[in-house]
Amino acid sequence: MNYSELFMQAMRELAKGSQITELAEMLAKQIEKVVIITDATNRVLAHYDPLDTGIKMSKFFTLKYHIADNVSKESDTNNKRFYEDKWDAEQGLINYVYFPIEVEGKSYGNCIVLCSSEEMAIEQIKIVEQMSLIFLLALRERLQNDAARERFSDEIVYDILYNNYDSKVALYEKAKHLHWDMEGPYAIVVVETIPDKIDTVRKTGSLKFNSSSPIHTIINKKVVFILSLTNILSKNIEDSINSFVEKLLSNLAFSHIKDVQIGISSTAKALTDLHQSFQEAKIALELGKAFNLGQINHFEKMGFLKFVFTAPAQELQEFGGRILGNIIFHDLELETDLLDTLKVYIEQQGQIANTAKALYIHENTLRNRLKKIEQLINLDLGRIDHLVNIYIALQIFALDFYDGS
Amino acid sequence: MKYIYSNVCTADCRGSCRIKTKVQNGKIINITGDPIDEYTLGSLCAKGYAQMHRVYSADRITHPMKQMGKGTGNWVYISWEQVLHEIALKLIEIREKHNNLLPVCLNKYLGSMGVLSRSIDGFFNSIGYITKMVDSPCVTTGVEALNFSFGTTKKPVPEDMANAKVIIIWGGNPAWTTIHQMRYVYAAKENGATIVVIDPVLTATAARSDLYIQIKPGTDLELALGIAKILMEKNLLDKDFLNEYTHNWASFKTLLEEIDLSQVEKVTEVPVDQIRNLAHLVGKEKPMTLWLGAGVQHTIKGGHSFRAISALSAMTGNIGIAGGNIHYATYEAWEFAGAFEALKPPQKSSIDAVGNQNNENMEHRYVGTGRHSQLLSLKPPIELLWVASHNPASQAPDSKAVKKALNSIDMVVVADQFLTSTAEYADYFLPVTTQYEQEDIVVSYWHYGAAVNQKAIDPIGESKSDFEIMRALAMLLNELSPGFSSFPVGRSASEWLDLEMQPQYPKLGINEYNQLIDKYKRVNLPDIPWQDKIFSTPSGKYEFPSVFDLDKITQDDQYPFRLLRERNVSVHNSQFRNSTCVKGFSEKTSVLINRQIANSRKLEEGAIVRLYNQLGEIVLPVTLSDTVPIDVVVIHLGCDYKELLELNDLVALIDTDLGDHFSDAKGLAFNNSYVDFTRA
Amino acid sequence: MTLMQRGFLLDPNRCLGCRTCIMACAANKNLPVGIYLRTIEKQEQRIGNRILKYYLSTSCNHCNNPECFRLCPKQALKKRKDGIVLHDSLKCDGCGTCTRSCPFEAPVINNITGRMIKCDLCHDKVDEGEDPACVAACPVKALQLINIDEVDRQEDVVRRLPGVIKIQITRPSIRYKRLKSGIQVLRNTIKEGVSGYNSDEL
């Protein structure tokens, strides 16, 4: 069959509703080479081995040069129709060429043929190029279906996470719809990054966890992963979650996404506890940001700070003012830096030398300031019970400046 | 079955908001604002919504009571039959003893603004010539001042304020006293107007202004004259208006020439450059309108201050134009038939039992409102005092003196809904209905809306409307002593309303008051007053004052703090102070003291202080505030204080400078008290 | 996923602190005496020579991360797709946990029913396209019902107002118009010779 005949047949197949797998098989059989179709995140959607080479495929086929979301090379489709590289497979180094499936700068995936560029006849190149168009259509439809499915699933997940259902039965019905493991337990991981990159995070997070893909959605510009912890021993839970998170972070780094904040919930025993875990994960994330506690935060490790922020705002404000009000007033009226001094002193674990260094002042100046501070607030920096109040008041003021960004 | 009735708030307030009342099984289950009301657009105020609970309040007295000994609190139930009988006998006794009814005194004001409450005056007119406590505790001084300047007191419609380019709110706090008016203030602001507030304290209104001038209390006259002087110097004058429509400009000009601006600065503590700025605003931006609150005219120079402030409008030609004029008060919307007023005592033979000509009085005896101690020194003295729609023991100056007077009068009858401070010294308490329990009509003195207040529920308990009480008393009197009262007892309340409304019908475009139901109608007064520039003064022109007595010194060295009161948004004078419904969010009862002063006196927030002066003392907590200058303390009266505080224990009875020319007595200078304080 | 978050927009330049919103809400919901679902807070702060004074009208903030929702032992709270956080009083046993965990103190215990009650954004009115009772009753239209995402793009809309700790951890769905102040000509605050006042003590 020549390429236009193949093209017509493939079109008909597509119209009839054939899947990418069938189309891949068609192409592979025609050119008698292994054909692999991946999507925009390098996930293998279809592969066919017409020569029974026994090649082992994994879930992803990551391309190095033409990175999945690097979507600028419109001109390349004119100059270069395919790229070449070597694949470090189990069997050794294998040559391959790949044809990007993209339109107007948006990548939908790649069509990969396991051979070297020399082995591709002109005819075959033409065939692959034309089939790429068909794959494009199929991928787009698949993407749209996925999007629709995703929206549907997102709504159900939202309802589950926000308790927006009428009865437990209704909840289980919804979960069944999404093929959820009824038993649990679960953990929730919430990820925040720059709004533009949120979709990528979601796609990247579809890693395997505990032999299945976690349920994922996006709520209020944060990606939410629901991890099933079935059959994991409780002493191993934290480690498994941590390794999931680390893998996610490294994948994201690979895609140049570094500014990421993560919150992790405690274990939710049943489906009906998920709403609580969802909140826990978000709070761990927000507290981590507000108090500068690092990139990854477990709710269970938050300590007393949990209680601090949930006290009524009025009380927090009054407490903060009562403890540190005089310093603030002093700083305002006499243009001193006592609050900052105190903050750094606490940050430096009360070490005079380190504090003085951090503030670029002499140790004696520091001692004088600390004395003045003690005078103003009428508290003793040497007493633990006083320090606790000071520390909390400082956190309250840190909260004051925290506006969520 | 749910029924919906139309009601109106009868409180003495510029809103007179229309209400929709939902009734089920004879009980009010809900009230909301009526969207047909073009002034309120269907919203009430916090107190308005709370009225429903007030009707059913556990504190409400719903049967007549007799106090066995004034001030004892020993109240016992008495039937209507019995109580009216005892009062009637007293009236008859007084007449027999004195041959006239001068020892009978009526003390009534505006607890209800319903037309039917005029029946109280009507009743007393119908039995003879008595002693009446007259005039308004609220507006007398200002009204007289404007009467002198304009001939009569007129004002624009409230919406006209939105047309102004400069709004000067002087001595008033509409953000809390006339909340719906703020819509127009903000509308003007959106159109580029400048909102100026002149007030001794940074009130809620001042906090929303574009320019706030903190004036030393009681120095408004000097500030106004200072502004006037600059207007004159800078020639920011409407010469045409001055030449054609004013009288006495030359003499006023001479007076202004003698004003020393640095002296004005010293007295008012407003810097001269700020006074210049004010003059600029007044003179260059037209139209300029004035909101004159009651505050300034409650000082001892209040009347002259009002004249000086209104002079600013006259000098700049801001009179008779859209967006100009003065928003203060007017009585023009209240031209009723006066059917109640016109009642006269029955034509009695002037010959007594012995056959002599009876020297019966043919006139009422008038005592200025709030002057209760004067009642004791009258000849003949007062033996029966009827207090209705009023709470003088709280509202009149020198509460102690008022209570002393009440204590000394033989028989005191209080017609009210709750046991007020006045009722403490009453002998009889007559339970009165709220407006939901009786038909009535309210015409607003502010926006001129005329509304019918339907009877939504039956009177609670044994309560009766003031009208029903007066009618019942008249009937009983005539039984016991035929011909005692000429009160037409056969006439129903609605017939009376119809009578009183006759002159208003053409102004409303109706011929029967029920046509007002489910419609919005206003008495058709002109939107803008004085457009024809014909004033009601003797000269027919706007009259500048010629003499100013600037020498009244008031500073009391013994007591360094000026005592002012900021109206609380949750109470209405002494109404609602017992309201549990609004208590939770009401501003707490406290005295606001400048933060630095409090610190120097080592008083922390919430400390209990004794606020005192030569007259008395009150005890209440302190609130530290920066909105109060160092020589002023401001009282907030809320619903929360255990013993109802009488602020007026500290306020002496002092006359203002005007009021007895067009009315019977000078106004009351409520804002002239000085106090000191210590920790209690 | 395009969900919307409904919330309130308060203009502190208009709010009078008149409390009409509190009572209109109480009237609309027929609340027992003394129970309110909205509060007015006066904010007063001296900054140098100026006094910042304004009023905040606050009810439930229908947060994205509601603490009440997280901690309710009966799972009586849920968050709708339009962001409104609703309470099912049938599931409530009045334990009061939510009342202690809300940083804004929005939930209160209804002393008649013994169960929690809080602002529900008048969802029944909102579903009919009407404004919540408080919004409709405000005499100066200081309160508005808004879509949070839409107003966040506006320049004069802020999340916090000066001088107020507003906990952002729960991501409250309330926004404010930027506060503007006028010119204030205050009398001198420091003065010698007034009785009892000594400038050294400052």
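A brief structural summary. Note that this is a predicted model, so its numbers are computed, not measured.

## So, the overall build of chain A
Right, so step 1: When helices and strands are counted, chain A shows 14 helices and 10 strands.
Right, so step 2: For 405 residues, the compact-globule estimate of 2.2 N^0.38 gives 22 Å, and chain A exceeds it by more than 25% at 29 Å.
Right, so step 3: The dimensions of chain A, computed from C-alpha atoms along their principal axes, are 95 × 55 × 35 Å.
Right, so step 4: For chain A, buried positions account for 50% of its 405 residues.
Right, so step 5: Here the analysis covers contacts within chain A between residues at least 6 apart in sequence; of these, 58% occur between residues at least 24 apart.
Right, so step 6: Only carbon and sulfur atoms are counted for the fraction: they give 49% of the accessible area of chain A, which is about 20700 Å².
Right, so step 7: Across chain A, the 43 positively charged side chains and the 56 negatively charged ones have centroids separated by 1 Å.

## Some details on the environment of Ala652(B)
Residue and element names in this part refer to chain B.
Right, so step 1: With respect to the secondary-structure elements, Ala652 resides in the loop between β26 (632-636) and β27 (673-679).
Right, so step 2: Taking C-alpha positions, Ala652 is 36 Å from Gly324, a pair spaced 328 residues apart along the chain.
Right, so step 3: Filtering out sequence-adjacent residues up to four positions away, Ala652 remains in contact with Pro397, Gln614, Leu615, Ala669 and Ser673.

## Re helix α7 (residues 234-254) of chain A
Residue and element names in this part refer to chain A.
Right, so step 1: In a regular helix each residue adds 1.5 Å, so 21 residues correspond to 30 Å; α7 covers 31 Å between its end C-alpha atoms and thus fits that length.
Right, so step 2: The secondary structure elements touched by the buried residues of α7 are β6 (186-192), α6 (198-204), β8 (222-228), β9 (261-264) and β10 (296-298).
Right, so step 3: Positioned one or two residues after α7, His256 has a phi angle of 65 degrees, which is positive.

## Considerations on unusual backbone geometry
All names here are of chain B.
Right, so step 1: Omega for the peptide link from Lys286 to Pro287 comes to 0 degrees, which places this bond in the cis form.
Right, so step 2: Note on placement: Pro287 falls in the loop between α11 (272-284) and β12 (288-292).
Right, so step 3: In the segment running from Lys379 into Pro380, the intervening peptide bond is cis, with an omega of -5 degrees.
Right, so step 4: One non-glycine residue, Asp135, lies in positive phi territory at about 80 degrees.
Right, so step 5: On the secondary structure map, Asp135 appears in the loop between β7 (131-134) and α4 (140-150).
Right, so step 6: Phi angles above zero are rare outside glycine, and Tyr448 is one such case at about 70 degrees.
Right, so step 7: Its place among the elements puts Tyr448 in the loop between β18 (440-443) and β19 (449-453).
Right, so step 8: What makes Tyr448 buried here is its relative accessible area of 2%.

## Observations regarding the side chain of Gln5(C)
Right, so step 1: Among the secondary structure elements, Gln5(C) is positioned in the segment before β1 (6-10).
Right, so step 2: Setting aside residues up to four positions removed in sequence, Gln5(C) forms contacts with His62(C), Asn64(C), Lys79(C), Asp82(C), Gly83(C), Ile146(C), Asn147(C), Ile148(C), Asp149(C) and Ser173(C).

## Re the interface of chain C and chain B
By a widespread convention, an interface's size corresponds to the accessible area lost as its parts come together.
Right, so step 1: Tallying the contact residues gives 46 residues for chain C and 57 residues for chain B.
Right, so step 2: A salt bridge links Asp626(B) to Arg46(C); its shortest N-O distance comes to 3.7 Å.
Right, so step 3: At the boundary of chain C with chain B, the tally comes to 21 residue pairs in polar contact (both at pLDDT 80 or more).
Right, so step 4: Only α1 (20-29), β2 (39-47), β3 (50-58) and β11 (183-185) of chain C provide two or more residues apiece to the side of chain C that touches chain B.
Right, so step 5: Ranked by the residues each element gives to the side of chain C that touches chain B, the list is headed by α1(C), at 6 residues.
Right, so step 6: When grouped by side-chain class, the residues that make up the side of chain C that touches chain B number 25 nonpolar, 12 polar and 9 charged.
Right, so step 7: With 3 bridges joining them, strand β10 (residues 211-214) of chain B and β11(C) adopt parallel strand pairing. Residue pairing for β11(C): Leu211(B) is matched across the bridge by Ile183(C).

## Some thoughts on the sheet that holds strand β9 (residues 157-158) of chain C
Right, so step 1: One open sheet holds the 4 strands; their spatial order is β8-β1-β10-β9 (chain C), and the pairing between them is mixed. Where the open sheet ends on each side, the last strands, each with one partner, are β8 (143-147) and β9 of chain C.

Conventions used here
What you see as residue numbers is a count from 1 along each chain, following the sequence as written. Chain labels run from A onward and ligand labels from 1 onward, assigned in the order the entries are written. For a predicted model such as this one, the threshold for reporting local features is a pLDDT of at least 70, and the threshold for listing and counting side-chain atom pairs is 80 or more; totals across whole chains, interfaces and linings nevertheless cover every residue. Side-chain calculation: all heavy atoms of the structure are included, whereas hydrogens and water are not. Note on conventions: DSSP H or I runs of at least 4 residues are helices, E runs of at least 2 residues are strands, and numbering of each starts at the N terminus. Throughout, the radius of gyration refers to the C-alpha atoms, and the reference size of a globule is 2.2 Å times the residue count to the power 0.38. Working definition: with a 1.4 Å probe on protein chains only, accessible area under 20% of the residue-type maximum means buried, over 50% means exposed, and in between means partly exposed. By definition, residues are in contact when any of their heavy atoms lie within 4.5 Å. Shrake-Rupley sampling with a 1.4 Å probe provides the accessible areas, and residues are treated as covered by the protein chains on show and by no other component. Within this scheme the basic residues Lys and Arg register as positive and the acidic residues Asp and Glu register as negative, but His and the chain ends are omitted. By convention, the charge on Lys lies at NZ, on Arg at CZ, on Asp at CG and on Glu at CD. An expected span of 1.5 Å times one less than the residue number is assigned to each helix. One side-chain nitrogen of Lys or Arg within 4 Å of one carboxyl oxygen of Asp or Glu is enough to make a salt bridge. By the criterion applied in these results, polar contacts are pairs of N or O atoms within 3.5 Å in which, for protein atoms, one can donate a hydrogen and the other can accept it, and in which residues neighboring in sequence qualify only through two side-chain atoms. Charged means Asp, Glu, Lys or Arg here, nonpolar means Ala, Val, Leu, Ile, Met, Phe, Trp, Tyr, Cys or Pro, and polar covers whatever is left, Gly included. A pair of strands counts as paired when DSSP detects no fewer than two bridges linking them.

Just geometry here; none of it tells us what the structure is for.
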